[in-house]
Amino acid sequence: MNSLLFGTPGIPLSTVPANTLNGVKRVKVLGLDAMELEFVHNVNVNEELALEIKKSAEVVLTCHGQYYVNLASNEPAKYHASINRMVSAAKRLSECGGWSAVWHFGFYLDRPKEKVFELIKKGVKEVVNQLAQENISVWIRPETTGKMTQWGDLQETIKLAQEVEQVLPCIDFSHLHARSGKINSFDEFKDVLAQLEKGLGRTVLDNLHAHCSGINYGAKGELNHLNLEDSDMNYRDLLKALKEFKVKGVLISESPNVEGDALLFKREFSQI
Ligand SMILES: [Zn+2]
């Protein structure tokens, strides 16, 4: 990536009629640069549509993969289904001309963190191997998660990326904040970026896939997403830290107002 791009989580609310093809065109008209395809329930783009999207999209495409993924499942059927789901979403994103795919990789289910890490590593290696056989090179990203029951704190996602090729973290800054109640100041955001650079070099900061929105949280972490102005999310200092580190990549606003906060990010970032 040449710069930091800003995008929507799915089809902008102002898309008429609301479908994916119109959505990627609408993103461009709004002056935004990226759109995350929401494959969270299923891969809702077929092969034919993927080709049309590839032809007409003038923005960078990412995808949020299925929620029904748990690479650390104790049940073999669920583990294999998770791998198949991830491969199918990554493949379809690639057919759309997309760049980076993200999932919540799994759950601890009260097991030691080290054990869960090894299970997840084994699973994602299988995903990456299957994709390599088909020459599919989109980034495969574990998202930093917002709930304490979900695998995926910052250190775990960095370690996984160090150990498996084609994997980089997707940094959800709102989730990092919700997990701890901290990570909401200029210095803390800079510390996250410094940890990423230390662990993974400039590659991760030149290819950052990040999420941010307002967020409501409690003792166990994330409760629900909010629009930025209805939350305590200190996004202005986040944008300043991203600029100071010369971060390139894609920042997706995951606020309920969809394009509203993506446009707000882009405007604020250009004024720093
Ligand atoms: Zn997510």
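K.L.:
Tell me about the packing of helix 1 (residues 20-29) against helix 2 (residues 47-56), residues and numbers included.
P.N.:
Axes are the key here: two packed helices are described by the angle between their axes and the distance separating the axes. For the pair helix 1 and helix 2, interaxial distance at closest approach is 10 Å and the crossing angle is 15°. Here helix 1 is positioned roughly parallel relative to helix 2, judged by the angle of their axes. Two packed elements cross with a definite hand, and for helix 1 against helix 2 that hand is right-handed. Contact with helix 1, carried on its side by Thr20, Leu21, Val24 and Lys25, involves Leu49, Glu52, Ile53 and Ser56 of helix 2 and no other residues of that element. Its residues placed into classes, the contact of helix 1 with helix 2 shows 4 nonpolar, 2 polar and 2 charged.

K.L.:
I'd like a description of the pattern of salt bridges, backed by residues and values.
P.N.:
Oppositely charged side chains are able to pair whenever their charged atoms sit close together. Summed over the entire model, instances satisfying the criterion amount to 12 salt bridges. Between Lys91 and Glu134 there is a salt bridge, and its shortest N-O distance comes to 3.2 Å. One end of the pair, Lys91, is in helix 3 (residues 76-95); the other, Glu134, is in the loop between helix 4 (113-133) and strand 5 (139-142), and 43 residues separate them in sequence. For Lys91, a relative accessible area of 31% translates into the label partly exposed. Asp237 is the salt-bridge partner of Lys240, the closest N and O atoms lying 3.4 Å from each other. On the criterion of helical spacing, the pair formed by Lys240 and Asp237 is a turn pair, its members being 3 residues apart in helix 9 (residues 235-244). Residue Lys240 is classed as partly exposed on the basis of its relative accessible area of 39%. If you follow the salt bridges from partner to partner, you end up with Lys113, Asp153 and Glu156 in one network.

The rules behind each value
- Residues numbered from 1 in each chain as written.
- Predicted model: local features only at pLDDT ≥ 70, side-chain atom pairs only at ≥ 80, totals over all residues.
- Heavy atoms only, no water.
- Axes fitted to C-alpha atoms, helices over the stretch in contact; angles between N-to-C directions.
- Helix = DSSP H or I, 4+ residues; strand = E, 2+ residues; numbered from the N terminus.
- Parallel < 35°, antiparallel > 145°, perpendicular 65-115°, else oblique.
- Left-handed = near helix turned anticlockwise from the far one by under 90°.
- Contact = heavy atoms within 4.5 Å.
- Nonpolar A, V, L, I, M, F, W, Y, C, P; charged D, E, K, R; others polar.
- Salt bridge = Lys/Arg side-chain N within 4 Å of Asp/Glu carboxyl O.
- Buried < 20%, exposed > 50% of the residue type's maximum accessible area, 1.4 Å probe, protein only.

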